[in-house]
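Structural overview
Here is what each chain is made of, one letter per residue.
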Amino acid sequence: MPSLQDTLLVFTDLDGTLLDIHTYDWQPAMPWLDRLQDYQIPVILCSSKTAAEVIAIQQDLGLEGLPFIAENGAVIQLDVRWEAHPAAPRLIKGITHSNIRHFIEQLRQQEGYKFTTFDDVDERVVSEWTGLSRARAALARRHEASVTLIWRDSDEQMARFEDDLAHRGLKFVQGARFWHILDAREGKDRAVSWLIEQYRALEGITPTTLGLGDGPNDAPLLDSVEFAVVVKGINRQGVQLKDDNPARVYHTRLPGPAGWHEGLDHFLS
């Protein structure tokens, strides 16, 4: 079991995990956020959100300057102290947003797929979809290495669409509410592994790792850490892990930030 006395890294999803899926409230998690900060344990946000969104959320949570993973692993922000790193301040991995957007627009015109991306609408509509303020919705449209969309077609068409994406080196990832397209070579697992290596190389530590998530796109994150918390979520498919050993994985009874708190109680109290 991990301990607060360990050299610990905590990787966490946002929507539906650290943040309430409907209200974006994080208050039930605050006691543990404060405690982890007291022990100087980094809380590394790992989300499908854009880097611009995650930076704003870091400020809300008092986590400024820490590394984070955005766009399902296609974007990695380095620790502010690693300014000499050749990838600082932010590493963009794989195929860019503009190239993905151009390709799927061609697919939509040629094959008639029905979907609506965040690029197709303005921040007012994104605000209505998400419940975010207009200002935060504008940040949600600032993709650098992925595309976020609502799928409006059949399951059969989705299977064809996924095949078309795969032939171009892309993958289709399901989040808590939206679908995401990114470079097939990237993912939360690879981003987590890359950051762990940076901590080993730059900080001289071999960290114990704990991850928390609630959606199908969090499975790679939870499979790549030593201890995992599956927060109760709204997705009917749940989270399918390669290793669901109860010694390593805890499934919460509560959703959102209350479940986040419950998961840390289980492993760290």
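- An unreviewed UniProt entry lists the protein under the name Mannosyl-3-phosphoglycerate phosphatase-related protein, with Enterobacter soli given as the organism.

Observations concerning the pattern of salt bridges
- Taken as a whole, this structure holds 20 salt bridges when the rule is applied.
- Between Asp15 and Arg177 there is a salt bridge, with the nearest N and O atoms lying 3.8 Å from each other. Pair noted here: Asp15 is in the loop between β1 (8-12) and α1 (30-38) and Arg177 is in the loop between β8 (170-174) and β9 (179-183), with a separation of 162 residues, a long-range link.
- Judged by relative accessible area, Asp15 falls into the buried class, the value being 16%.
- Its relative accessible area of 32% is what places Arg177 among the partly exposed residues.

A look at the packing of α1 against helix α9 (residues 256-268)
- Relative orientation of the contacting elements α1 and α9 amounts to 45°, with a least axis distance of 9 Å. With respect to α9, the axis of α1 lies oblique. Every residue of α9 that contacts α1 at Pro31, Trp32, Leu33 and Leu36 is listed here: Trp260, His261, Leu264, Asp265 and Leu268.
- In terms of residue class, the contact of α1 with α9 is made up of 7 nonpolar, 1 polar and 1 charged.

Here's the deal with α1
- Here α1 has its buried residues at Met30, Trp32, Leu33 and Leu36. Each buried residue of α1 sits inside an arc of 165° when the element is viewed along its axis, so together they form one side.
- Turning to α1, the residues buried within the fold contact β1, β2 (43-46), α2 (51-61) and α9.
- Phi turns positive one or two residues past the end of α1, at Gln40, with a value near 55°.

So, the packing of aromatic side chains
- One pass over the structure, following the stated rule, counts 13 aromatic pairs.
- For the ring pair Tyr113 and Trp151, a centre distance of 6.2 Å and an interplane angle of 45° mean the geometry is tilted. Taken as a pair, Tyr113 in the loop between α3 (97-111) and β6 (115-117) and Trp151 in strand β7 (residues 146-151) lie far apart in primary sequence, 38 residues in all. Exposure class is identical for Tyr113 and Trp151. Each is buried.
- Look at Phe118 and Trp129: their rings are 5.7 Å apart centre to centre, the planes differ by 45°, and that puts the pair in the tilted class. In this pair, Phe118 is assigned in the loop between β6 and α4 (123-130) and Trp129 in helix α4, connecting sequence segments 11 residues apart.
- For Phe118, a relative accessible area of 5% gives the class buried.

So, helix α6 (residues 155-167)
- End to end, α6 covers 19 Å across 13 residues, agreeing with the expected 18 Å (1.5 Å per residue, within 8%).
- When we look at burial in α6, the residues that qualify are Gln157, Met158, Phe161 and Leu165. Down the axis of α6, the sector holding all buried residues measures 100°, keeping them to one side. The outward face of α6, more than 90 degrees from its buried face, is lined by the exposed residues Glu156 and His167.
- Considering only its buried residues, α6 is in contact with α3, β6, β7, β8 and β9.
- After α6 finishes, the residue Gly169 shows a positive phi value of roughly 80°.

A word on the nonpolar core
- In terms of nonpolar packing, the biggest core is built from 48 residues, with Leu33, Leu36, Leu45, Leu210, Trp260 and Leu268 touching the most fellow members.
- Once you skip the residues sitting within four places of it in the chain, Leu268 turns out to touch Pro2, Ser3, Leu4, Leu8, Trp32, Leu36 and Leu210.
- Ranked by size, the runner-up nonpolar core spans 23 residues in total, among them Phe11, Leu78, Ala87 and Leu221.

A word on the sheet that holds strand β11 (residues 227-232)
- As summarised here, the arrangement of the 8 strands in space is β5-β4-β3-β2-β1-β10-β11-β12, forming an open sheet in which the pairing is mixed. Pairing within the sheet leaves two strands with one partner each, and these edge strands are β5 (90-92) and β12 (249-255). The average undirected angle you get between the axes of adjacent strands in this sheet is 15°.
- For β1 and strand β10 (residues 208-213), the ladder comprises 5 bridges, and the chain directions are parallel. Across the sheet, the residue bridging to Val10 is Leu210, located in β10.
- Docked against the sheet, helix α7 (residues 188-203) engages β1, β2, β3 (68-70), β4 (75-77), β5 and β10, running at close to 155° with respect to β1.
- Against the sheet, α9 engages β1, β10, β11 and β12, with an angle of about 145° to β12.

Criteria and thresholds
- Numbering of residues begins from 1 in every chain and follows the order in which that chain's sequence is written.
- The predicted origin of the model limits local features to residues at a pLDDT of at least 70 and limits the giving and counting of side-chain atom pairs to 80 or more, whereas totals for whole chains, interfaces and linings rest on all residues.
- Values reported for side chains reflect all heavy atoms of the structure, with hydrogen atoms and water molecules removed beforehand.
- Basic side-chain nitrogens of Lys or Arg form a salt bridge, by our definition, when they fall within 4 Å of a carboxyl oxygen of Asp or Glu.
- Put simply, DSSP marks the helices as runs of H or I at least four residues long and the strands as runs of E at least two long, and each gets a number from the N terminus on.
- With a 1.4 Å probe rolled over the protein chains alone, any residue whose accessible area is under 20% of its type maximum counts as buried; one over 50% counts as exposed, and the rest are partly exposed.
- Fitting a line to C-alpha atoms yields each axis, with helices limited to the stretch in contact; the angle taken between N-to-C directions then spans 0 to 180 degrees.
- The scheme is simple: roughly parallel for angles under 35 degrees, roughly antiparallel for over 145, roughly perpendicular for 65 to 115, oblique for anything else.
- Should any heavy atoms of two residues lie within 4.5 Å, those residues are counted as being in contact.
- Each residue is assigned to one class: nonpolar for Ala, Val, Leu, Ile, Met, Phe, Trp, Tyr, Cys and Pro, charged for Asp, Glu, Lys and Arg, and polar for all the others, Gly among them.
- Arc definition: directions from the helix axis to the C-beta atoms.
- Two aromatic rings, drawn from Phe, Tyr or Trp (for Trp, its six-membered ring), form a pair once their centres lie within 6.5 Å of each other, and the interplanar angle then sorts them: stacked below 30 degrees, edge-to-face above 60, tilted otherwise.
- The span you would expect from a helix comes to 1.5 Å times its residue count less one.
- Joining through side-chain atoms within 4.5 Å is the link that ties buried Ala, Val, Leu, Ile, Met, Phe, Trp, Tyr and Cys residues into a set, and such a set is a nonpolar core.
- Strands are treated as partners if at least two bridges between them are detected by DSSP.

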